[in-house]
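The chain contents come next:
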Protein chains: 2
Amino acid sequence: VRDGRADPDDAEAFLRQFHRERPEAGPVEPRLRQALAEIADTGTYTHTRDELVFGARVAWRNAGRCLGRLYWQSLVVRDLRHVSSAEQIAAACFDHLRRGHNGGRVRPLVSVFAPDRPGRPGPRGRNGQLVSYAGVRRRVGDPKTADTTALARRLGWPDPVGEFTVLPLIVQEHPALRPRWFRLPEDTVHEVAITHPRLAWFAELGLRWHAVPAVSHLALEVGGVCYPSAPQNGWYMVTEIGARNLGDTGRYDLLPEVARRLGLDTAAEDSLWRDRALVELNVAVLHSFRRAGVTMADHHTEARRFLTHIEREERAGRAVPADWSWLVPPISGSATAVFHRYYDPVPGALRPAFVARLPW
Amino acid sequence: VRDGRADPDDAEAFLRQFHRERPEAGPVEPRLRQALAEIADTGTYTHTRDELVFGARVAWRNAGRCLGRLYWQSLVVRDLRHVSSAEQIAAACFDHLRRGHNGGRVRPLVSVFAPDRPGRPGPRGRNGQLVSYAGVRRRVGDPKTADTTALARRLGWPDPVGEFTVLPLIVQEHPALRPRWFRLPEDTVHEVAITHPRLAWFAELGLRWHAVPAVSHLALEVGGVCYPSAPQNGWYMVTEIGARNLGDTGRYDLLPEVARRLGLDTAAEDSLWRDRALVELNVAVLHSFRRAGVTMADHHTEARRFLTHIEREERAGRAVPADWSWLVPPISGSATAVFHRYYDPVPGALRPAFVARLPW
Ligand code: HEM
Ligand code: HEM
């Protein structure tokens, strides 16, 4: 995929797959002829709504790093291909967040915006996730968003950055246009204050996290067509927040603080203070989400679901490409069911797929 | 390496590497001519003592799954190529264990027994480790050794199997000869009773583990020569025992029991009882080894050492082939320094190396 041209071979492979897996769509030949003619004519082609839905779901099914694929068939796909202005995109993303949150019963959802077309690249959101916390490296907030925070600043975002300040959404409509920023309306960001089921001091740490992980830095590639903005969300798995976001030394780096509060000696490794602090953080995060009525998976359950997914896929005659190093959770790896086996490799050319987005 | 013949190309590559990395050994050409002539004549060649030591050390350096490689240069290599009878091998392995234990200051050590030669395969120890616990699947002991335990039984080993019964050493001198078993003398097996620094009931679980991990299921391959028996030991890293050996559901499977004793509800995942039990098991194992005065590394320290190893190797102009999924510890992965980076791939043909041993 380059310059917005759809590769006819990719288009054909996808259309054949769609008609093979969805026999109710009828024979592939007429559609194939039509699509190839459209590509010859315009450089690209337009997916039917069913093709788009199928393509997005299979892109999830193909996500080798994703542990949560059991429910790939129920992904809700929002067809927003007609949406391309920055304001409209921001508004549609806000709506995505409301629908994804769904009153706490988080719903897997993808919003597909305008594709790249020859001479007309699609719009690009510039945030890694729709909701994220701003950060200034080694100073405050989430170091992960330091670059995006700096970009927001350059674009004129004036808000002071605290430990958990929600970054504005930054949308760029076209390479020639300046990106624009939009504050997230209050009803789009649901946050959970982190408390601990037994340790009262945990609340004093003032930790919080937002409810819906809506990944927006990947493009959706289907049948030779690139949708550069296709934010998607599932629900959080506890370790994403409790181990990585709050625990990583390159993120909120909270293990030393939690360990000190636990009364552990952090000068030596013998107490395994990092391991203890990690468990308490994850217990607290899981407890807090449950209490707030927000869907969250623990890593043991999600790992078992993934093995069920493999069984189902194998019964359907399909391999399950998977990347061990992403599937195995960042804590208690060997205590989860996914640790003790090998997986089918993830072919680099596997499509449909969520892929790293090329810069303009 | 097959039929005990040394591949001349492998021999040449190794001898060139040895002379390149050890310039004090002089020019390679005379030695190379001599070795190739010996291969032409006999099908194989004999390493000098220095070549053997270098080969074994580089095999450790090349072990992509090993986190403990910082000290590869100090590996002590026992040249036991003249040893090939079953009794002699057993006696030499017992001596290996005494020297490896070294009064608790565990010393990395490899014992290299007779190589495969054309028409004369070298002897093979049949145990996965020199010290291991017998097991009967789903009944008692360590399920990992079920096959070896069954073999010992067939060979007439009469001892009753308890939870921690040391398996005899099983040595096969030649494919045509019946393997023989040898009970390990008391002074070769040092065991550590597992207690917990704060939880008194831990001692009641009656857990123990032996002090020296002496891996004996791999062959050492150097310059086209295969040494089928080359048991080696380092010191234990706490997670090998606390997470894997005692915790894995396919091993001693102790997480449910530990969690119950901790008063946790094991019916739901919300308490993260597996994660808690894992931490307590590892705290107990580390504490017990320290108290017994036996060298043991924690996974945080060993991970930092590995990054030092990478720095040193890169300064020496060498890549560090490594397998992420083996390096990252089985608990608290993302809290260790080795989690957050990529590694050079491990070429399948990398030699010298410890490799899976072919059956006779
Ligand atoms: C339903 C609940 C879901 C769960 C519990 C889940 C779980 C996970 C986890 C644990 C990861 C690894 C994250 C990391 O280590 O940074 C991941 C990655 C990923 N997931 Fe899922 N997921 C879910 C839904 C989805 C959905 C709906 C999609 C797409 C439609 C998706 C696509 C992906 C992709 C593309 C990655 C790799 C991201 C990257 O490369 O940065 N997941 N998922
Ligand atoms: C000095 C202390 C040492 C430490 C802390 C250490 C640590 C480790 C660890 C944690 C593993 C992974 C084990 C597993 O997950 O099953 C490993 C594997 C390995 N180590 Fe080391 N090691 C040490 C010494 C040695 C020595 C002396 C050698 C050889 C001379 C060696 C060669 C290997 C090999 C070949 C493997 C892979 C084993 C397999 O494939 O089953 N290590 N090491």
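Nothing here was measured: the structure is a model prediction, and the numbers come from that model. (Residues numbered from 1 in each chain as written. Chains lettered and ligands numbered in written order. Predicted model: local features only at pLDDT ≥ 70, side-chain atom pairs only at ≥ 80, totals over all residues. Heavy atoms only, no water.)

J.: So what exactly am I meant to see when it comes to the relation of the copies chain A and chain B here?
T.: The pair of chain copies shares a relation made of a rotation about an axis and a shift along it. Overlay of chain A on chain B (RMSD 0.0 Å): rotation 180°, translation along the axis 0.0 Å. Taken together, the rotation angle and the small translation identify this as a two-fold axis. No C-alpha of chain A lies nearer the rotation axis than that of Ile331 of chain A, which sits 2.6 Å from it. When the interface residues of chain A are mapped onto chain B, 100% of them again fall at the interface, so both copies present the same face. (Least-squares fit on C-alpha atoms with pLDDT ≥ 70 in both. Contact = heavy atoms within 4.5 Å.)

J.: Just checking my understanding: could you explain the site of ligand 1 for this structure?
T.: All names here are of chain A. Close contacts around ligand 1 come from 19 residues, with Trp60, Arg65, Cys66, Gln232 and Trp235 the closest. Separating a nitrogen atom of ligand 1 from a side-chain N or O atom of Trp60 is a distance of 3.3 Å. The contact in question runs from an oxygen atom of ligand 1 to an N or O atom on the side chain of Arg65, over 2.8 Å. For the shell around ligand 1, the per-class residue count stands at eleven nonpolar, five polar and three charged. (Near = heavy atom within 4 Å. Polar contact = N/O pair within 3.5 Å; in protein donor to acceptor, adjacent residues only side chain to side chain. Nonpolar A, V, L, I, M, F, W, Y, C, P; charged D, E, K, R; others polar.)

J.: Explanation requested: the coordination of the iron atom of ligand 1 in the structure shown.
T.: Think of it this way: four donors in a tetrahedron around the metal ideally sit 109.5 degrees apart, and six in an octahedron ideally sit 90 or 180 degrees apart. Inspection of the coordination sphere of the iron atom of ligand 1 shows a single protein donor, Cys66 of chain A (SG), at 2.3 Å. Here Cys66 of chain A is to be found in the loop between helix H3 (49-61) and strand E1 (76-80). (Donors = N, O, S within 2.8 Å, 3.2 Å for Na, K, Ca; no water. Helix = DSSP H or I, 4+ residues; strand = E, 2+ residues; numbered from the N terminus.)

J.: What's the story with the pattern of salt bridges in this structure? I'm lost.
T.: It is possible for side chains bearing opposite charge to pair when their charged atoms get close. Throughout the structure, instances matching the rule amount to 56 salt bridges over all chains. Note that Arg276 of chain B is salt-bridged to Glu280 of chain A, the shortest N-O span being 2.7 Å. Residue Arg276 of chain B is located in helix H8 (residues 273-292), and its partner Glu280 of chain A is located in helix H8 (residues 273-292); the two belong to separate chains. Of the charged contacts, one joins Arg180 of chain B and Glu87 of chain B as a salt bridge, the two residues approaching to 2.2 Å between their closest N and O atoms. In this pair, Arg180 of chain B is assigned in strand E7 (residues 180-182) and Glu87 of chain B in helix H4 (residues 86-101), connecting sequence segments 93 residues apart. Classification of Arg180 of chain B as partly exposed rests on a relative accessible area of 37%. Using a relative accessible area of 38% as the deciding quantity, one classes Glu87 of chain B as partly exposed. Counted as one network, the salt bridges with shared partners bring together Arg78, Asp95, Arg98, Arg99 and Asp187 of chain A. (Salt bridge = Lys/Arg side-chain N within 4 Å of Asp/Glu carboxyl O. Buried < 20%, exposed > 50% of the residue type's maximum accessible area, 1.4 Å probe, protein only.)

J.: Whenever I open this one, the sheet that holds strand E11 (residues 218-222) of chain A confuses me. Can you help?
T.: Residues and elements named next belong to chain A. Pairing is antiparallel in the open sheet, where three strands are placed in the order E12-E11-E16. Because the sheet does not close on itself, it has two edges, and the strands there are strand E12 (225-227) and strand E16 (353-356). In this sheet, adjacent strand axes meet at a mean angle of 35° when their direction is disregarded. Its contacts with the sheet place H3 against E11, E12 and E16, and it is angled at close to 120° to E11. (Pairing = 2+ DSSP bridges. Axes fitted to C-alpha atoms, helices over the stretch in contact; angles between N-to-C directions.)

J.: Looking at this structure, how should I read the pairing of E1 of chain A?
T.: Consecutive residues of a regular strand have side chains that alternate between opposite faces of the sheet. A large share of E1 of chain A lies buried, amounting to four of its five residues. Viewed along the sheet, the connection from E1 of chain A through helix H4 (residues 86-101) of chain A into strand E2 (residues 109-113) of chain A turns out right-handed. (Right-handed = clockwise from strand over helix to strand, strands pointing away.)

J.: When you look at the nonpolar core in this model, what are you seeing that I'm missing?
T.: Grouped together as the largest cluster of nonpolar side chains are 78 residues, with contacts concentrated most on Phe202, Leu207 and Leu246 of chain A together with Phe202, Leu207 and Leu246 of chain B. At the level of elements, helix H6 (238-245), helix H7 (255-261) and H8 of chain A together with helix H6 (238-245), helix H7 (255-261) and H8 of chain B are the ones that each hand at least two residues to this core. Residues within four places of Leu207 of chain A in sequence aside, it is in contact with Phe164, Val192, Ala193, Ile194, Phe202, Leu246, Leu254 and Leu281 of chain A. (Core = buried A, V, L, I, M, F, W, Y, C linked by side-chain atoms within 4.5 Å.)

J.: Can you help me understand H8 of chain B in this one?
T.: Every α-helix carries 3.6 residues per turn, so stepping three or four residues along brings you back to the same face. Residue and element names in this part refer to chain B. Helix length check: H8 (20 residues) gives 28 Å between terminal C-alpha atoms against 28 Å at 1.5 Å per residue, within 8%. Burial runs high along H8: 16 of the 20 residues are buried. Just downstream of H8, Gly293 is the residue with a positive phi angle, here 70°. (Expected span 1.5 Å × (residues − 1).)

J.: Is there a simple way to think about the interface of chain A and chain B in this case?
T.: It is common to give the size of an interface as the accessible area that goes away when the parts come together. Taken together, the 37 residues of chain A in the interface contact 37 residues of chain B. Overall, the association of chain A and chain B removes approximately 2900 Å² of surface from exposure, summing both partners, and the carbon and sulfur fraction of that is 54%. Remark: the boundary between chain A and chain B carries 16 residue pairs in polar contact (both at pLDDT 80 or more). Contributions of two or more residues to the side of chain A that touches chain B are made by H6, H8, helix H9 (299-315) and helix H10 (324-327) of chain A. With ten residues, the single largest contributor to the side of chain A that touches chain B is H8 of chain A. Taken together, the residues that form the side of chain A that touches chain B break down as 13 nonpolar, eleven polar and 13 charged. (Buried area = accessible area lost by both parts, 1.4 Å probe.)

J.: Where do I start with unusual backbone geometry in this structure?
T.: Phi is mostly negative for residues that are not glycine, and the peptide bonds are mostly trans. Cis rather than trans, the peptide bond between Arg351 of chain A and Pro352 of chain A has omega equal to -5°. With respect to the helices, strands and loops of the structure, Pro352 of chain A is situated in the loop between H10 and E16. For Asn102 of chain A, which is not a glycine, the phi torsion comes out positive at approximately 55°. Along the chain, Asn102 of chain A turns up in the loop between H4 and E2. A relative accessible area of 30% means that Asn102 of chain A is categorised as partly exposed. Positive phi, normally seen in glycine, also occurs at Leu272 of chain B, with a value near 50°. By secondary structure assignment, the location of Leu272 of chain B is in the loop between H7 and H8.

J.: Before we go on, may I ask you to explain the sheet that holds strand E3 (residues 124-125) of chain B in this structure?
T.: Working definition: the strands of a sheet are paired by backbone hydrogen bonds and lie parallel or antiparallel to each other. All names here are of chain B. With antiparallel pairing, three strands are arranged side by side in an open sheet as E3-E6-E7. In this open sheet, the two strands that pair with only one neighbour each are E3 and E7. Relative to strand E6 (residues 169-172), E3 runs antiparallel, the two sharing two bridges. Its bridge partner being in E6, Gly125 is matched across the sheet by Val171. This element, H4, spans E6 and E7 of the sheet and lies at about 30° to E7.

J.: I keep staring at the environment of His287 of chain A and nothing clicks. Help me out?
T.: All names here are of chain A. Tracing the backbone through its elements, the reader meets His287 in helix H8. On the basis of relative accessible area, His287 is assigned to the partly exposed category, the value being 23%. Taking the C-alpha atoms as reference points, His287 and Thr195, 92 residues apart in sequence, are found 7.5 Å from one another. Each residue touching His287, except ones within four places of it in the same chain, is listed here: Thr195, His196 and Pro197.

These results come straight from atomic positions and should not be treated as a statement about function.
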